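Architecture at a glance
The lines below spell out each chain.
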Amino acid sequence: MLLFFTLGLLIHFVFFASIFDIYFTSPLVHGMTPQFTPLPPPARRLVLFVADGLRADALYELDENGNSRAPFIRNIIMHEGSWGISHTRVPTESRPGHVALIAGFYEDVSAVAKGWKENPVEFDSLFNESKYTWSWGSPDILPMFAKGASGDHVYTYSYDAKREDFGAQDATKLDTWVFDNVKDFFHHARNNQSLFSKINEEKIVFFLHLLGIDTNGHAHRPSSRDYKHNIKKVDDGVKEIVSMFNHFYGNDGKTTFIFTSDHGMTDWGSHGAGHPSETLTPLVTWGAGIKYPQRVSAQQFDDAFLKEWRLENWKRLDVNQGILPVDYLNNTDLFKAESMFTNAVQILEQFKVKMTQKKEVTLPFLFTPFKLLSDSKQFNILRKARSYIKHRKFDEVVSLCKELIHLALKGLSYYHTYDRFFLGVNVVIGFVGWISYASLLIIKSHSNLIKGVSKEVKKPSHLLPCSFVAIGILVAFFLLIQACPWTYYVYGLLPLPIWYAVLREFQVIQDLVVSVLTYPLSHFVGYLLAFTLGIEVLVLSFFYRYMLTAGLTAFAAWPFLTRLWTRAKMTSLSWTFFSLLLAVFPLMPVVGRKPDISLVMGAGLLVLLLSLCVVTSLMKRKDSFIKEELLVHLLQVLSTVLSMYVVYSTQSSLLRKQGLPLMNQIISWATLASSLVVPLLSSPVLFQRLFSILLSLMSTYLLLSTGYEALFPLVLSCLMFVWINIEQETLQQSGVCCKQKLTSIQFSYNTDITQFRQLYLDDIRRAFFLVFFLVTAFFGTGNIASINSFDLASVYCFLTVFSPFMMGALMMWKILIPFVLVMCAFEAVQLTTQLSSKSLFLIVLVISDIMALHFFFLVKDYGSWLDIGTRQLLACTAWLFMYISASPNRLWMLSDPGLDLNLLHAIRACISHYVIVMSMTIFLVFLNGLAQLLTTKKLRLCGKPKSHFM
């Protein structure tokens, strides 16, 4: 069995990794020939302002007095430049947002696990193509482009990372630091001839990364005075910098200014997902090569922003990725046509390289070219475009080039996903085979379903293994002659041993068919429909949290549909009450949107009240362990009180902008460290150990809570305690075994195997309950498939200085705490119902894998982002940079990465759901071990540990 679980774990790692090979492969194309334009650019230098975390509405809207928060930027919109909305792409985080802005493409999805601060993959960027780039701002953003540049022409100036403190002084100082250092830099340049010469070259970029708005948004929310005041500070700073540039360069008219943002922010101060408040960011451009404001009488947009912002008479220009935004350009029609033609040729070059790469590794008779863009059609379009330019038909050139770009992008997507069907089929075959084998193993080794069917055991034939070996050789040879990556061998060959193992159990399959045929058809169909409905509810709950409410409501009615109500009225009523109480949480707003410390305090008081009841019962006991047990519980009560104090005092300190007190930080980390040790000091008696685990984990959970979610583990645990009782009742009702007194049951590491029983049909329901409770633990207080469900305020008791990995780890532990509580309760259910953890785990595995297979089929990477609320088009602003920063003989374009809208359409949320289900399956092994450790191990405060036996 150990070998089976080891192989199963490896197989699931393969299935888990497959989604990244199928959907997360790099779309970047290398090896294109650089394309040139014969016309000179209008600008010598670019000044790029990126206000991190700035929402479009926060910049453009007027305040309650009818005044703009950014009067200088609004004056630019009305008198000097062009404006619009740039639509960012999920994940709306700083790194991918800046990669889109500065490198001109949505960050390579294969870079997900390769680092956050440095370049995880090779790509070109605006900074790399410039003669010189000077940048000021966050140490988290600037190094990623400097370290990826060829040569040493990209210079960065960053403040200390400790300044990025969400709880300390005014975060506007981060932006003030940038503005002051830029001024000092130019003052120094006047007295440094070498530097003065460099900043007067062509093709130079000045990048100002302004983090204050994002920091204030996280700490105080975008609706706060701090966030809005920071916008005014940035506007003042931009005004000063623009004035300084114009004065320094003598108003030569060769500077282009761009003001934008990498992402927005939700009302509750988070970002990362696709809410419009996160994806809609401002784009304001002015200076050399940019059109002046255009007055219009009416504009057609699907939103009502223009009227809200009172900008309906100034033409709004939203941007599209991959295509030169000619509406922003103030130049001759010839220049626009030549630029558009070069744009089309560059993307066509990527298409050609991608096609050649795929053709070289595919057998000639299997290669299917992209028919919409044949060689002859490419030639005809290019010839016709050149002819239009010659005859000065510039509008026709732009239209024709857009058509060519559209076809080339479709072709790039076609070749990038060329092997997707082959890989997907292999993974699905492997998935189905594994589910079949696990199901057969359950039936064969852990149930009585086929015990009564008598069949002769036939001697295995050599034909079966020989056939599979031959198929394996053919598959390997087919992959070898196509020079496929080694991962293709894994996906192509893995289904063979799995299906060989399935077909070896042909005798079990025959017996199963005979057994099922003897079962009443109506009963069989009823159970099958109930199982299918349960699976679908679980799948839908990943998309719609209220499905958890529907499921819990059905759970509440369950005792009344069986004989449980007549046997155990109090237990049934408790089950119904806590099921309905837990069903309320999925209907509430996602955690973090409405923080309320009073609810956290209330949860702490309820924990103290329960602790008082337990301590009172302990004091009535007469055994020799009373002092030790009492000391452990008093220690946990003290921990809860300290957690409540830390939450309250930290909140007060942050409101006063005094930062996180050191003593609070020490207490928080000490509480976290002790939460997995203190329960081991408690008695191994079932309910006492479970309650001790709850108290320890609740102390940590309170420190990580900001609102109503602090009550969630408490309600969930109450339902788990009732679940343990009600499962005993169902077991006695079915006559499988006699009811044990729960107060006499102890957790023991060395459980007698002879006490385990075979599986019955009702055990499938128990396994389903476990999976449902695990999904509820995940999604009960928020949709963790959506990044913006995470609130940074959750970790402020532990740290306030920005640290993405540490903050992420703390929030992940917050998510896992309810999961651990469910797994510990399930350990008790297995113990009280005399079930082997291996047999139930197999059922859970089958249910989880069926769910994962659902999500595998649901994954899509096409269609409009508007369909899923996350349409994003940010990277087109790189074309503006390209346009104003181009050398006299070359229109800068990412000649390494591909600008492909279809290739880079975001993968739908189903991928995150698939990853969650697969991770849940893999983590079950780990968390099952953690639950066993927490429930069965016993430490003593002094002396040798005492062994406990059943």
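Residues numbered from 1 in each chain as written. Predicted model: local features only at pLDDT ≥ 70, side-chain atom pairs only at ≥ 80, totals over all residues. Heavy atoms only, no water.

Thoughts on the confidence of the model for the protein
For the protein, the mean per-residue pLDDT works out to 82, and 83% of the residues sit at or above 70. The secondary structure element of the protein with the lowest average pLDDT is helix H33 (residues 877-885), at 39, and the one with the highest is helix H3 (residues 71-79), at 96. Note on residues 112-117: pLDDT is under 50 here. Beyond four places in sequence and across chains, it has 13 contacts. A low-confidence stretch, residues 944-950 (pLDDT under 50), is modelled with 15 contacts involving residues beyond four sequence positions or located in other chains. (pLDDT = per-residue confidence, 0-100. Helix = DSSP H or I, 4+ residues; strand = E, 2+ residues; numbered from the N terminus. Contact = heavy atoms within 4.5 Å.)

What about the pairing of strand S3 (residues 132-137)?
For S3, the buried fraction is high: six of the six residues fall into the buried class. The alternating pattern of S3 places Tyr132, Trp134 and Trp136 and Thr133, Ser135 and Gly137 on opposite faces, both of which are buried. Two elements, S3 and strand S5 (residues 204-210), share five bridges in a ladder whose sense is parallel. Residue pairing for S5: tryptophan 136 is matched across the bridge by leucine 208. As defined by bridge partners, S3 adjoins strand S4 (residues 154-158) across five bridges and the pair is classed as parallel. Residue pairing across strands places tryptophan 134 opposite tyrosine 155, the latter belonging to S4. (Buried < 20%, exposed > 50% of the residue type's maximum accessible area, 1.4 Å probe, protein only. Pairing = 2+ DSSP bridges.)

A short note on the layout of surface pockets
Looking at the second largest pocket, its volume works out to about 2000 Å³. Tyr527, Phe531, Leu761, Ile764 and Arg765 are, among the 50 residues lining the second largest pocket, the residues nearest its centre. Only helix H16 (420-445), helix H20 (506-517), helix H21 (521-541), helix H22 (546-561), helix H29 (712-734), helix H30 (761-779) and helix H32 (837-858) provide two or more residues apiece to the lining of the second largest pocket. With ten residues, the single largest contributor to the lining of the second largest pocket is H21. Looking at the lining of the second largest pocket residue by residue, the classes come out as 34 nonpolar, 13 polar and three charged. (1 Å grid on protein atoms, 1.4 Å probe; cavity = no way out; pocket = protein on both sides within 12 Å on 5 of 7 lines; lining within 4 Å. Points joined across faces, edges and corners; volume = space filled by probe spheres on them. Nonpolar A, V, L, I, M, F, W, Y, C, P; charged D, E, K, R; others polar.)

A look at the packing of aromatic side chains
The full count for this structure, using the stated rule, is 64 aromatic pairs. Aromatic side chains tryptophan 575 and phenylalanine 769 sit 5.8 Å apart centroid to centroid with 15° between the ring planes, which places their arrangement in the stacked category. Pair noted here: tryptophan 575 is in helix H24 (residues 569-582) and phenylalanine 769 is in helix H30, with a separation of 194 residues, a long-range link. A cation sits over an aromatic face here: arginine 295 above tryptophan 314, 4.4 Å from the ring centre. Lysine 569 extends its terminal NZ or CZ atom over the ring of tryptophan 565, reaching a point 5.5 Å from the ring centre. (Phe/Tyr/Trp six-rings, centres within 6.5 Å; stacked < 30°, edge-to-face > 60°. Lys NZ or Arg CZ within 6 Å of the ring centre and 35° of its normal.)

Let's talk about the pattern of salt bridges
When their charged atoms lie close together, side chains carrying opposite charge are able to pair. Scanning the entire structure with this criterion turns up 20 salt bridges. Between glutamate 338 and arginine 386 there is a salt bridge; the shortest N-O distance is 3.2 Å. Taken as a pair, glutamate 338 in helix H13 (residues 333-360) and arginine 386 in helix H14 (residues 375-390) lie far apart in primary sequence, 48 residues in all. We note a salt bridge from lysine 358 to aspartate 419, for which the minimum N-O separation is 2.8 Å. A residue pair is termed long-range when its members are at least 10 positions apart, and lysine 358 in helix H13 and aspartate 419 in the loop between helix H15 (394-416) and H16 qualify at 61 residues. Of the residues examined, aspartate 419 reaches a relative accessible area of 19% and is grouped as buried. Among the charged side chains, a salt-bridge network with shared partners connects Glu727, Asp762, Asp763, Arg765 and Arg766. (Salt bridge = Lys/Arg side-chain N within 4 Å of Asp/Glu carboxyl O.)

A few points about the packing of H16 against helix H19 (residues 495-504)
Closest axis-to-axis distance for the H16/H19 pair is 9 Å, and the angle between their directions is 30°. In terms of orientation, H16 and H19 fall into the roughly parallel class. The interaxial crossing formed by H16 with H19 has left-handed handedness. Here Asn426, Ile429, Gly430, Val432, Gly433, Trp434, Ser436, Tyr437 and Leu440 of H16 lie close against H19, whose contacting residues are Pro495, Ile498, Trp499, Ala501 and Val502. Looking at the contact of H16 with H19 residue by residue, the classes come out as ten nonpolar, four polar and no charged. (Axes fitted to C-alpha atoms, helices over the stretch in contact; angles between N-to-C directions. Parallel < 35°, antiparallel > 145°, perpendicular 65-115°, else oblique. Left-handed = near helix turned anticlockwise from the far one by under 90°.)

Notes on the sheet that holds S4
Here we have seven strands laid out as an open sheet, ordered S2-S7-S6-S1-S5-S3-S4, and mixed in their pairing. On the outer flanks of this sheet lie strand S2 (82-87) and S4, each paired with one strand and no other. Averaged over all pairs of adjacent strands, the angle between their axes in this sheet comes to 15°, without regard to strand direction. Summarising the sheet, strand S1 (residues 45-51) and strand S6 (residues 255-260) pair through six bridges and their orientation is parallel.

Describing the packing of H13 against H14
Where H13 meets H14, the closest approach of the two axes is 11 Å, and the angle between their N-to-C directions is 165°. Of the possible angle classes, the one that applies to H13 and H14 is roughly antiparallel. The two elements H13 and H14 meet at a crossing, and its hand is left-handed. Together, Leu334, Glu338, Phe341, Val345, Leu348, Phe351, Lys352 and Met355 of H13 and Asp375, Gln378, Leu382, Ala385, Arg386 and Ile389 of H14 make up the contact between the two elements. A class-by-class count of the residues in the contact of H13 with H14 yields nine nonpolar, one polar and four charged.

Points about the nonpolar core
Trp575, Trp723, Phe773 and Met851 are the most contacted members of the largest nonpolar core, which has 140 residues in total. With 18 residues, helix H31 (residues 804-832) is the single largest residue contributor to this core. Setting aside residues no more than four positions away along its own chain, tryptophan 723 makes contact with Trp575, Arg766, Phe769, Leu770, Phe773, Phe826 and Val829. Counting 55 residues, the second-largest nonpolar core is a separate cluster that includes Ala70, Ile76, Ile77 and Phe179. (Core = buried A, V, L, I, M, F, W, Y, C linked by side-chain atoms within 4.5 Å.)

Here's the deal with the environment of tyrosine 544
For tyrosine 544, the location among the structural elements is in the loop between H21 and H22. A relative accessible area of 41% places tyrosine 544 in the partly exposed class. Spatially, the C-alpha atom of tyrosine 544 lies 9.1 Å from that of proline 586, the residues being 42 residues apart in sequence.

Examining the environment of valine 319
The topology assignment puts valine 319 in the loop between helix H12 (305-309) and H13. Distance in space between the C-alpha atoms of valine 319 and serine 86 is 5.7 Å, their sequence separation being 233 residues.

Notes on unusual backbone geometry
Within the chain, lysine 203 stands out as a residue other than glycine whose phi angle is a positive 60°. In the Ramachandran plot, arginine 221 falls in the positive-phi region, its phi being about 80° despite a non-glycine side chain. Residue position: arginine 221 is located in the loop between helix H9 (212-220) and helix H10 (225-248). Residue arginine 221 is classed as buried on the basis of its relative accessible area of 12%.

Topic: a nonpolar patch on the surface
Residues Tyr519, Leu521, Phe524, Val525, Tyr527, Leu528, Leu529, Leu761 and Ile764 make up a contiguous nonpolar surface patch of about 850 Å² in total accessible area. At the level of elements, H21 and H30 are the ones that each hand at least two residues to the nonpolar patch. Ranked by residue count, the leading element in the nonpolar patch is H21, at six residues. Counting through the fold element by element, leucine 761 comes out in helix H30. (Patch = residues over 30% accessible without salt bridge, like charges linked within 9 Å, V, L, I, M, F, W, Y side chains within 5 Å. Areas by Shrake-Rupley, 256 points an atom, 1.4 Å probe, with all protein chains shown as cover.)

Some points on the environment of alanine 828
Take alanine 828: it is sitting in helix H31. In the structure, alanine 828 is positioned 108 residues away from methionine 720 in sequence and 9.6 Å away in space, judged by C-alpha atoms. Apart from the residues within four sequence positions on either side, alanine 828 is in contact with Leu686, Leu690, Ile724 and Phe747.

Observations concerning H20
Here H20 contains twelve residues, and its C-alpha end-to-end distance of 17 Å stays within 8% of the 16 Å for a straight helix at 1.5 Å per residue. Of all the residues in H20, the buried ones are Gln507, Val508, Asp511, Leu512 and Ser515. For H20, the angular spread of buried residues about the axis comes to 135°, placing them on one side. Against the buried residues of H20 lie H16. (Expected span 1.5 Å × (residues − 1). Arc of directions from axis to C-beta.)

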